[in-house]
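Chain residues, written in single-letter form:
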Amino acid sequence: MSNFKNKKVLVFGLGLNQGGVGVAKFFAKNGAEVRVTDLKNENDLQVSLDQLKEFNNISYTLGGHKFEDLDWADLIIKNPAIKPGNKYIEYALEKNKEVETDFSIFLQFANQKKLIAITGTKGKTTTASLIFEALRADNQQVILTGNIGKSILDTLTHLDKDPWIIVEMSSFQLQALKGKNFSPKIAVITNIYPDHLNWHSSMEEYIQAKKIVALGQSSDDFLVVPSQGVLHSKQFQQDIRSQIVEFCAEDFEEDFPNIDLPLKGLANLENYATALTVTGILKIADKKALQAFQNFKGARFRLQEIGVFNGVKIINDSTSTNPISTIEALATLGPGVILIAGGMNKGMQYHELAAQIENYTPVKSLYLLEGDATKEITKYLRSPAIA
């Protein structure tokens, strides 16, 4: 990838979740002159900085951004979590600087006709993992990447055998691809519920960000969506050019009434239905796909059983960061749960979660973490004893 050699690359946002580290490593290894800038200081970023010590072609501007760094750069790679309208990015665009994300760089090398892009409010990781297992069982070359705690650029060295590429994508990543050459062979939107409304200006903006996964597709491509809700509506689907294939959890139950799969609950039933719809498009026999699904026992932090401590089963469901996910988790687990919840509010409503906690799946005990979401949950709880 000699086209990056001696290029001045500014990594705008290093962060602590491996994505920025992966970007800096990629360009440093490919001979670029790399500069990293972040609002956090050196102490806050030490974990990330330690992973870049081996490179002498990386410099740093930490504790704030500087316009002169943008002037210096030939190419700016922005963290997808940076909101639209950021004054530094707007300045760079006014100066006609090339502004990309790690994903848009990835698209320059990937075969998009072998790309399966999965987004949605919940179920992304599980659905992606199920499809991955089915493709492996069908003896096809496949890699799983995306919004999984590292840069997608880490996978470029694995593309030589032209594998299927399964990518999990957030609304942040998709919004950053608006106007880019993005056209996956199969796009999947698992569902849409209120989320990240502290980042997106409205629910409509959040929905439109998710829709970007399909807007660049052609009539030879496929969009997989649920058979009900906003994704099923004519308003949402009217300007989609790809072939729309819908899935339904109830149909899955009717078609396979006696099957016993490892992941339980309505949310996982929907995940199975989504994944089987995709494997059908890929011409994988249902029997083979369902056998492959048996091999996947669940993703980390998603109703993950950690073990038993003093007779109490510990379950980590820390990816349930919105009320709908938590409600479905409680419904799956049943009454009597000791629930630890709360923390940061992402601009959502919590009255339905409070009702679930008190009435529909009563918890045994509730421990609330510090944060503005905790204040909202407490506001709707009728029993002071439960809080």
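As a reminder, the structure under discussion sits directly above these lines.
In this report, the structure presented in the accompanying data block is examined. None of these values were measured; they are calculated from a predicted model.

What counts and what doesn't
- Residue positions are given per chain, counting from 1 as you read along its sequence in written order.
- With the structure being a predicted model, the display of local features is reserved for residues of pLDDT at least 70 and the display and counting of side-chain atom pairs for 80 or more, all residues being used for whole-chain, interface and lining totals.
- Heavy atoms from the whole structure form the basis of all side-chain values; hydrogens and water molecules are not counted.
- Strands here are runs of E lasting at least two residues and helices are runs of H or I lasting at least four, both read from the DSSP assignment and numbered beginning at the N terminus.
- All radius of gyration figures rest on C-alpha atoms, and the globule criterion is 2.2 Å times the number of residues raised to 0.38.
- Buried residues are those whose accessible area, probed at 1.4 Å on protein chains only, stays under 20% of the maximum for their type, while exposed residues exceed 50% and partly exposed ones sit between those limits.
- Any pair of residues with heavy atoms lying within 4.5 Å of one another is described as a contacting pair.
- Each accessible area is a Shrake-Rupley estimate made with a 1.4 Å probe; only the visible protein chains count as cover when residues are assessed.
- Here the positive residues are Lys and Arg and the negative ones are Asp and Glu; neither His nor the chain ends is included.
- For the purpose of locating charges, the reference atoms are NZ of Lys, CZ of Arg, CG of Asp and CD of Glu.
- Strand pairing requires that DSSP identify at least two bridges connecting the strands.
- Axes, fitted as lines to C-alpha atoms, cover a helix only where it is in contact. Angles between the N-to-C directions of the axes lie from 0 to 180 degrees.
- An angle counts as roughly parallel when it lies under 35 degrees, as roughly antiparallel when it exceeds 145, as roughly perpendicular when it falls between 65 and 115, and as oblique in every other case.
- The handedness criterion is simple: a crossing whose near helix is rotated anticlockwise from the far helix by less than a right angle is left-handed, and one whose near helix is rotated clockwise is right-handed.
- Under this grouping Gly is polar, as are all residues other than the nonpolar Ala, Val, Leu, Ile, Met, Phe, Trp, Tyr, Cys and Pro and the charged Asp, Glu, Lys and Arg.

This part covers the overall build of the protein chain. Per the secondary structure count, the protein chain includes 15 helices and 15 strands. Over its C-alpha trace the protein chain gives a radius of gyration of 22 Å, about what one expects of a compact globule, namely 21 Å for 387 residues. In terms of overall dimensions, the protein chain has a C-alpha envelope of 60 × 50 × 45 Å along the principal axes. Burial statistics for the protein chain: of 387 residues in total, 51% are counted as buried. Residue pairs at least 24 apart in sequence account for 69% of intrachain contacts in the protein chain once pairs closer than 6 positions are excluded. Element-wise, carbon and sulfur atoms account for 48% of the exposed surface of the protein chain, whose accessible area totals about 18700 Å². Charge-centre separation for the protein chain: the mean point of 41 positive side chains lies 3 Å from the mean point of 44 negative side chains.

A few words now on the sheet that holds strand β10 (residues 222–226). Within the open sheet, the 6 strands sit side by side as β7-β8-β6-β9-β10-β11. Their pairing is parallel. At either margin of the open sheet sits one strand with a lone partner, and together these are β7 (142–146) and β11 (243–247). When the angles between neighbouring strand axes are averaged without regard to direction, this sheet yields 20 degrees. When strand β9 (residues 186–189) meets β10, the two strands line up parallel, connected through 3 bridges. From the neighbouring strand, V188 faces β10, where its bridge partner is V224.

Between helix α6 (residues 124–137) and helix α12 (residues 286–293), the least distance of the axes is 8 Å, while the angle of their chain directions is 120 degrees. Regarding the angle of α6 to α12, the classification is oblique. By crossing handedness, the relation of α6 to α12 is classed as right-handed. Facing α6, whose interface residues are L130, E133, A134 and A137, α12 presents K288, A289, A292 and F293.

Contact geometry of helix α11 (residues 266–281) with α12 gives a least axis separation of 10 Å together with a crossing angle of 135 degrees. Overall, the two elements α11 and α12 adopt an arrangement that is oblique. By crossing handedness, the relation of α11 to α12 is classed as right-handed. On α12, the residues that touch Y272, A275, L276 and T279 of α11 are D286, A289, L290 and F293. Here the contact of α11 with α12 is composed, by residue class, of 6 nonpolar, 1 polar and 1 charged.

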